[in-house]
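# Structural overview for review
Read off the chains here:
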Amino acid sequence: MALGEQDRQAVEQLARRFAQDALAAVEREDDRYPFAPWNRAAWRTAAELGLPGLALPESVGGSEQGLLTLARALEIVARAEAGHATVLLTQALARATVVALGPQSSAARWATLRSDAQESLLAYPLYEDPEELGDGVRARRDGAGFVLDGQLQQLSCLPIAQAVLVPALLVDSGEQAFFILPTNTAGVSVSEPIVTLGLRACPLADLTLANVRVEAAGRLGGADAAAAYARTAESYRPALVAVALGVLSASYDLAFAYACERKQSKRNIVLHHMVQEMLAGMASTLDLGALTLERACQLAEQGGGSGTELLSFQEVLCTLITRVSTDGVQVLGGNGYMHDYGQEKHMRDAKQLQTVLGSPTTRRLRILERRLARAQA
Amino acid sequence: MRTELDDPALFSFDDSFASLVFLERTEPRLIARVREAFEENRRFCQEHVRPLALSTDLALQRDPSALANEMLDVAIKHRRFSRFVPRMLGGLGDGTAIAPMIMAEETAAVDPGFIGVLSGHGLGMVALGYTMNLRLLDWFAKQTVQGELGGPRFLIDCAITEPTAGTDMEEVELITQAKLICEAKRVEGGARLTGRKCFISGGHFASHHLIIMPFDRRDPVGTAGVFMVPSDAPGFSLGKLENKMGQKAGPASELVFDDCFVPQEYIVVDPRDHASSILEPLLLGVLGATRVYVGAWATGIGRGAFEIALEFAKTHKWRGKTLINQQFAQKALVDMFVNVHKARSTYLEAMFALMNASGGGGAPEFTGSAWFRALYDSYPVRKARHSAGVHRALVKRTGKHSDAQRRVQFYSSLAKVVGSDLGMENCHRAIELMGAAGVRHGAGVEKLFRDAKLCQIFEGTNQLNRLHMLQHHFVPRIAAMEVF
């Protein structure tokens, strides 16, 4: 069910309320994870407000308000705390993937947003390239079920999740398969939380599977699962970019306010051309994002356009955002480098977002590969 | 993840410093000393700094109120601070800029944070040198050396920046417009200092603080004084320890002066005693040297990022083929390698400009000998050297601008801007090549990404340094041009 602009604004209002009430006061403390506890209360509130389910079907407790609504909500949350926005993105994408892969029974069990939301977090390989999942985990058939062995690195939400979505290579057929298994399954071990550059409120850990037995019902999808998995991830690239735009928006607001306030040579630094140039770079990137986000979401919902637009959308905007968010620190000078001002966090968050859903370098290659394939066809 | 390079000669002395290899023909003893210092520092960094780099950064993330005391102990044990002291004063420095610069690159490639441990004191010693107060310079240099040989710790920082005046305090042309909060007043037997200095490198490690502060805020240039304040001085306290994004091992400190008394003998430069202000030659001299150092430091960061990316490319595959043998990765790596060489070439040229301005290739060999040191330290020589007349004459001499000193200004800013911009760029490129692996703390490059950003900010932002280049290279030649 498509919603009108008025309904979308109501959702945005909800996201703003969440950002202000649940995140604004704790932003810098949540950035201390894993050296401080994870803010479970924020997730609980977000789930109660229905934020992770904005783009999910009603059958799993979502509100079917579309990707643009989700993207705008994520952008608003990311302005307050990008790590929490990434938790929401992970939960939305993981559930959308389970729904897309099926079967329905799995979707009902694992993708459904329940009232006890804190007990239903899913871990998802958010940093993996969805088209190049590799053979970190191998699955072999064992009677009616499977046995899984191997390792996956840096799964989003794993330290706090109750179940994990695992891509694995079926050794007998060489095809890509997907499994979902509770994290307390025998043979599953989760590393200590990983300390990373940014997005620290979205916990990460490595996964090791040693002789893990999974029933047939634990397998998601069938022969075309790899394509469905990649398609779903592809459709969420605009939502990821929205998180990055939220980070940049927060960085710009801080830099602009500081530049209007801070004096140098008895003039507000916003009047210095070199500062204006940096602020303009940030502002124009935001404008580019605002102009293109809606179209990217439409394309995503229509199946991805001609094949490269969503990749390009992520690549261009995330790369631009990483560069101009370092300028956000520069505008604040020494103050920008200090934790107290909150600006350095935006620079770290933006850089880490650039590495989500595959490395930027290989993403660029894929853009041309797809175009070459199209030209040859 | 990071391991030793297969071929440590990838950044060997001969492959890195063609200009120095050439200079070796005419200055064999000088370059022999530089080579020796380079090789010793490389071993030291691998054996003692590398094992501490990531663990120290992590510990300081866990507890931002802690200090990198283990690194400081390593620095003292291995006499790294004595390298800022010339041999004729009993230290290990040869009096040239060459060894410190190339050692800065080498050290930063391993851990920029360790340079942060050293550099506050380095800045303090350079500034103390430019005050031309040989009495206090000689005394403090000797105490520093003794402190590393088992005596009490003697380290010094240099405080310029104030909370409301960062960039304005780094540029002589802007100081008169700076919003200052610090001021000294004369009292019987000395002066009393009031105000706060911020972002002071090494403040929490220092036993003494070199403070630049005017006697009258309305005339910050004409009344500028320089003061040496021990950490236990009444009215002095250490304020906030900044929680920085990176370079965590090197503390950035707030210094608080609450009617802090400085006895006359600790007034390093009293403006009443000199015909012209010390401030301009002091700032130009100090920043002219330290910006080259930052250029070398940032070059090392860019090189460290390259080395980690190279190691990653050697050990990781994409579509079944090792990255090192894929053209896209080769392109990324060679671009990073080019950046290292661009940055290095720039700081080396700036280093030579600095040496041209300071009279050549460093102190002659004999100045490190025992007989010369005895002579230098003999009563009549010492008495003359420490006299107010000699101090006045030296300050007057430093106030005269030569073309060589003007060149130092634009070259040093050039080294700082090029090195730090390319260092930052290499960190971006390394993470982009490594993807998710690059943002993990254990890989090391995300730390360099955080560390690199500081080099674009301190010693004057890169924006200010661009203006500084224009001011000192173009304005003297283009009559219609104004910068500040």
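Because the structure is a prediction, the values reported are computed rather than measured.

### Remarks on the overall build of chain A
- For chain A, the helix and strand inventory stands at 13 helices and 10 strands.
- Computed over C-alpha atoms, the radius of gyration of chain A comes to 21 Å, within 12% of the 21 Å expected from 2.2 N^0.38 for 377 residues, which places it in the range of a compact globule.
- The burial tally for chain A puts 56% of its 377 residues in the buried class.
- Looking at chain A alone, contacts between residues at least 24 apart form 75% of all its contacts between residues at least 6 apart.

### With respect to the overall build of chain B
- On a plain count of helices and strands, chain B comes out with 16 helices and 10 strands.
- By the compact-globule yardstick of 23 Å for 484 residues, chain B fits well, its C-alpha radius of gyration being 22 Å.
- By its C-alpha atoms, chain B is 80 × 55 × 45 Å across when sized along the principal axes.
- The buried share of chain B, taken over its 484 residues, is 54%.
- The contacts of chain B with a sequence gap of at least 6 include a subset with a gap of at least 24, amounting to 77%.

### Topic: the interface of chain A and chain B
- Chain A puts 34 residues into the contact, and the matching count from chain B is 38 residues.
- Within the residue set of the side of chain A that touches chain B, elements represented by two or more residues are strand S9 (263–264), helix H10 (309–331), helix H11 (333–336), helix H12 (343–353) and helix H13 (360–376) of chain A.
- Residue composition of the side of chain A that touches chain B, grouped by class: 12 nonpolar, 17 polar and 5 charged.

### Describing the sheet that holds strand S8 (residues 267–269) of chain B
Residues and elements named next belong to chain B.
- In spatial order, the strands read S1-S4-S5-S8; together these 4 strands make up an open sheet with mixed pairing. Where the open sheet ends on each side, the last strands, each with one partner, are strand S1 (156–159) and S8. Across this sheet, the average inter-strand angle for adjacent strands is 25 degrees, counted without regard to direction.
- Across the sheet, helix H6 (residues 112–130) lies against S1 and strand S4 (208–214), angled at about 70 degrees from S1, the strand it touches most.

### Observations regarding the pairing of strand S5 (residues 224–230) of chain B
Residues and elements named next belong to chain B.
- Most of S5 is tucked away: 6 of the 7 residues are buried.
- Across 7 bridges, the pairing between S4 and S5 is antiparallel. By the bridge assignment for S5, Pro214 is matched with Ala224.
- Looking at chain direction, S5 and S8 are connected through 2 bridges and run antiparallel. The residue of S8 that forms the bridge with Phe227 is Ile267.

### Concerning helix H8 (residues 237–261) of chain A
- Counted at 1.5 Å a residue, the expected span for H8 of chain A with its 25 residues is 36 Å, and the 36 Å between its end C-alpha atoms agrees.
- Taking burial as the measure, the 25 residues of H8 of chain A include 20 buried ones, the bulk of the element.

### A word on the confidence of the model for chain B
Residue and element names in this part refer to chain B.
- On average, chain B scores 92 in pLDDT, and the residues at 70 or more come to 96%.
- Put simply, helix H8 (residues 172–175) is where chain B has its lowest mean pLDDT, 80, and helix H15 (residues 445–455) is where it has its highest, 98.
- Within the model, pLDDT remains below 50 along residues 1–6, and this stretch shows 8 contacts once partners closer than five positions in the same chain are excluded.
- Overall fold confidence for the complex sits at a pTM of 0.95, while the interface term, ipTM, reaches 0.96.

### What about the sheet that holds strand S7 (residues 252–263) of chain B?
Residues and elements named next belong to chain B.
- The strand order S2-S3-S7-S6 describes an open sheet built from 4 strands, whose pairing is antiparallel. Only two strands of the sheet have a single neighbouring strand rather than two, namely strand S2 (183–187) and strand S6 (236–241). Taking each pair of neighbouring strands and ignoring which way they run, the sheet shows an average axis angle of 15 degrees.

### Details of the packing of helix H1 (residues 5–23) of chain A against helix H3 (residues 40–48) of chain A
Residues and elements named next belong to chain A.
- One can describe the packing of H1 onto H3 by two numbers: an axis separation of 10 Å at closest approach and a directional angle of 160 degrees. What the angle tells us is that H1 and H3 run roughly antiparallel. Handedness of the crossing formed by H1 with H3: right-handed. Seen from H1, the contacting residues are Phe18, Ala22 and Leu23; seen from H3, they are Ala42, Thr45 and Ala46.

### Section: the packing of H10 of chain A against H12 of chain A
Residues and elements named next belong to chain A.
- Viewed as axis vectors pointing N to C, H10 and H12 meet at an angle of 165 degrees, and their least axial separation amounts to 8 Å. Judged by the angle between their axes, H10 and H12 are roughly antiparallel. Where H10 crosses over H12, the handedness of that crossing is left-handed. Between H10 and H12, the contacting residues are Cys318, Ile321, Thr322, Ser325, Thr326, Gly328 and Val329 on the first element and Gln343, Glu344, His346, Met347, Ala350, Lys351 and Leu353 on the second.

### Quick notes on the nonpolar core
- Leu74, Phe179 and Ala244 of chain A together with Phe227 and Ala309 of chain B are the most contacted members of the largest nonpolar core, which totals 280 residues.
- Looking at this core element by element, the count peaks at 21 residues for helix H9 (residues 279–315) of chain B.
- Apart from residues no more than four positions distant in its own chain, Leu74 of chain A is found in contact with Ala85, Leu88, Leu89, Ala239, Ala242, Val243 and Gly246 of chain A.

### Observations concerning the environment of Ala289 of chain B
- Summarising the element assignment, Ala289 of chain B is placed in helix H9.
- Setting aside residues up to four positions removed in sequence, Ala289 of chain B forms contacts with Val126 and Leu354 of chain B.

### Some words on unusual backbone geometry
- Cis geometry is adopted by the peptide bond preceding Pro34 of chain A, which originates at Tyr33 of chain A and carries an omega value of 10 degrees.
- As for its position among the elements, Pro34 of chain A is in the loop between helix H2 (27–30) and H3.
- Of the consecutive residues Gly102 of chain A and Pro103 of chain A, the connecting peptide bond is found in the cis state with omega at 0 degrees.
- Assignment of secondary structure puts Pro103 of chain A in the loop between helix H5 (82–101) and helix H6 (104–111).
- Positive phi outside glycine occurs at Phe199 of chain B, with the angle close to 55 degrees.
- Structurally, Phe199 of chain B is set in strand S3 (residues 190–201).

### Quick look at the environment of Leu10 of chain B
- On the secondary structure map, Leu10 of chain B appears in the segment before helix H1 (13–16).
- Sequence separation of Leu10 of chain B and Glu307 of chain B is 297 residues, and the distance between their C-alpha atoms is 9.7 Å.

### Focus on the environment of Gly222 of chain B
- Inspection of the secondary structure assignment puts Gly222 of chain B in the loop between S4 and S5.
- Along the primary structure Gly222 of chain B and Phe372 of chain B are separated by 150 residues, whereas in three dimensions their C-alpha atoms are 38 Å apart.

Rules used throughout
For every chain, the first residue of the written sequence is number 1, and numbering continues from 1 along that sequence. Chains and ligands are labelled sequentially in the order written, the chains with letters from A and the ligands with numbers from 1. Only residues with pLDDT of 70 or above have their local features reported here, since the model is predicted, and side-chain atom pairs are shown and tallied only from 80 upward, although totals for entire chains, interfaces and linings are computed over all residues. Numbering goes from the N terminus for both helices and strands, where a helix is a DSSP run of H or I of at least four residues and a strand is a run of E of at least two. The globule rule is 2.2 Å times the number of residues to the power 0.38, and the radius of gyration it is compared with is taken over C-alpha atoms. Buried means a residue has 20 or more other C-beta atoms within 10 Å of its own C-beta, exposed means 12 or fewer, and partly exposed covers the counts in between; C-beta atoms are placed from the backbone. Two residues form a contact once the distance between their C-beta atoms, set from the backbone, is within 7 Å. In this classification, Asp, Glu, Lys and Arg are treated as charged, Ala, Val, Leu, Ile, Met, Phe, Trp, Tyr, Cys and Pro as nonpolar, and every other residue, Gly included, as polar. Two strands make a pair as long as DSSP finds a minimum of two bridges between them. Interaxial angle, 0 to 180 degrees, is taken between N-to-C directions of lines fitted to C-alpha atoms, where a helix line uses only the stretch in contact. To estimate how far a helix should reach, multiply one less than its number of residues by 1.5 Å. In predicted models, pLDDT denotes the confidence assigned by the predictor to each residue on a 0 to 100 scale. Working definition: roughly parallel below 35 degrees, roughly antiparallel above 145 degrees, roughly perpendicular at 65 to 115 degrees, and oblique for all remaining angles. Take the far helix as the reference: if the near one is turned anticlockwise from it by less than a right angle, the crossing is left-handed, and if turned clockwise, right-handed. For this entry, the nonpolar core is defined as buried Ala, Val, Leu, Ile, Met, Phe, Trp, Tyr and Cys residues connected by C-beta atoms within 7 Å.

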